[in-house]
There are 2 protein chains.
Amino acid sequence: MENLFTDEYFMRIAFNEAVTAFERDEIPVGAVIVCNNKIIAKAHNLTETLTDVTAHAEMQAITSAANYLGGKYLQDCTLYVTLEPCVMCGGALYWSQISKVVYGASDEKRGFKAKIGELHPKTEIISGIMENECSQLMKEFFLRKR
Amino acid sequence: MENLFTDEYFMRIAFNEAVTAFERDEIPVGAVIVCNNKIIAKAHNLTETLTDVTAHAEMQAITSAANYLGGKYLQDCTLYVTLEPCVMCGGALYWSQISKVVYGASDEKRGFKAKIGELHPKTEIISGIMENECSQLMKEFFLRKR
């Protein structure tokens, strides 16, 4: 039997969150956190709505997942996020000891890769899932902003 | 007339926040954000109480200060924090474009300096204010934990 719960499956849901952000005039980044194929947190960027630079999709998802689990470590969890996490979110993911991070589009300017290189040694990193759609949505957003 | 509002003056208040954290069995880090010599945010580490790795003193102070100001950028603000900010908090401070960051004790292992080197180009960084007291409080905490 084919596995329904692929990385693409969950990234699609993160992407839908990013579309919601787009519609709310927020930089369109969406995230979900999955534990045993169950979505335990879902969030999108809310920095404008909350006037808070810390309100990135990943930060909210980390807080929400820890709240759901009743513990602050996200072992056995996977974060799906449409854009490469920034340094702040990379630092938060480090503290969370999350098992796996899957992101869509790369962010060469602000992404964690160029600045801190890696996350926690326990964290597997996968990139490029739905890359084109995720990066296209970002481009579309900034084009409209001009 | 002597200036009452020195870096030591505000660091002392951040230190008192760290002591509160200590008493609550939280890693003893405290922070205040000051704008025109007025304290607009005050926080201490709450990662255990909230079971949330993102609940560092600085993160809460940034959110709280932005809330007070009604805007997400912390220009003309200074953060006083008892310990060198980590990568997550360094990333958040970058996004906030805060004018000045003053910290007490250095954190060679987890601090932003070793990992990302700098904050926002607009941000002045001062270190070593009340360094001994701040680092002594941390040492005392971890000694008790053994």
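Bear in mind that the values here come from a model prediction, so they are computed numbers and not experimental data.

Basis of the calculations
- Residues numbered from 1 in each chain as written.
- Chains lettered and ligands numbered in written order.
- Predicted model: local features only at pLDDT ≥ 70, side-chain atom pairs only at ≥ 80, totals over all residues.
- Heavy atoms only, no water.
- Helix = DSSP H or I, 4+ residues; strand = E, 2+ residues; numbered from the N terminus.
- Rg over C-alpha atoms; globule rule 2.2 N^0.38 Å.
- Buried < 20%, exposed > 50% of the residue type's maximum accessible area, 1.4 Å probe, protein only.
- Disulfide = S-S within 2.5 Å.
- UniProt positions renumbered as here; feature names shortened; annotations may be inferred.
- Contact = heavy atoms within 4.5 Å.
- Salt bridge = Lys/Arg side-chain N within 4 Å of Asp/Glu carboxyl O.

## Section: the overall build of chain A
Moving on, step 1. Looking only at helices and strands, chain A has five helices and five strands in total.
Moving on, step 2. Listing the helices and strands of chain A from first to last along the sequence gives α-β-β-α-β-α-β-α-β-α.
Moving on, step 3. Its C-alpha atoms give chain A a radius of gyration of 14 Å, within 12% of the compact-globule value 15 Å for 146 residues.
Moving on, step 4. Along the three orthogonal principal directions, the C-alpha set of chain A runs to about 40 × 35 × 30 Å.

## Regarding helix α3 (residues 87–96) of chain B
Moving on, step 1. In terms of burial, α3 of chain B is a largely internal element, eight of the ten residues being buried.
Moving on, step 2. Within the span of α3 of chain B, buried status applies to Val87, Met88, Cys89, Gly90, Gly91, Ala92, Leu93 and Ser96 of chain B.

## Some points on the state of the cysteines
Moving on, step 1. According to the stated counting rule, one finds zero disulfides over all chains in the structure shown.
Moving on, step 2. The thiol of cysteine 134 of chain B is unpaired, and the distance to the nearest cysteine sulfur, on cysteine 89 of chain B, comes to 15 Å.

## Details of the UniProt feature "active site" (unreviewed entry) in chain A
Moving on, step 1. As annotated by UniProt and renumbered to match this structure, "active site" (unreviewed entry) occupies Glu58 of chain A.
Moving on, step 2. Look past the residues within four positions of glutamate 58 of chain A in its chain and what remains in contact with it is Val29, Ala31, Leu79, Val81, Leu83, Pro85, Cys86 and Cys89 of chain A.

## Focus: the pattern of salt bridges
Two side chains that carry opposite charge are able to pair once their charged atoms sit near each other.
Moving on, step 1. Counting across every chain of the model gives eight salt bridges over all chains.
Moving on, step 2. Among the ionic pairs, glutamate 133 of chain A bridges to arginine 12 of chain A, the shortest N-O distance being 3.2 Å. Here arginine 12 of chain A lies in helix α1 (residues 7–23) and glutamate 133 of chain A lies in helix α5 (residues 131–145), a separation of 121 residues in the sequence.
Moving on, step 3. Accessibility expressed as a relative area gives 34% for glutamate 133 of chain A, which makes it partly exposed.
Moving on, step 4. One salt bridge in this structure joins lysine 145 of chain B and aspartate 25 of chain B, with 3.1 Å as the shortest N-O distance. With lysine 145 of chain B in helix α5 (residues 131–145) and aspartate 25 of chain B in the loop between α1 (7–23) and β1 (30–35), the pair connects residues that are 120 residues apart, well separated along the chain.
Moving on, step 5. Under the relative-accessibility criterion, aspartate 25 of chain B is labelled partly exposed at 45%.

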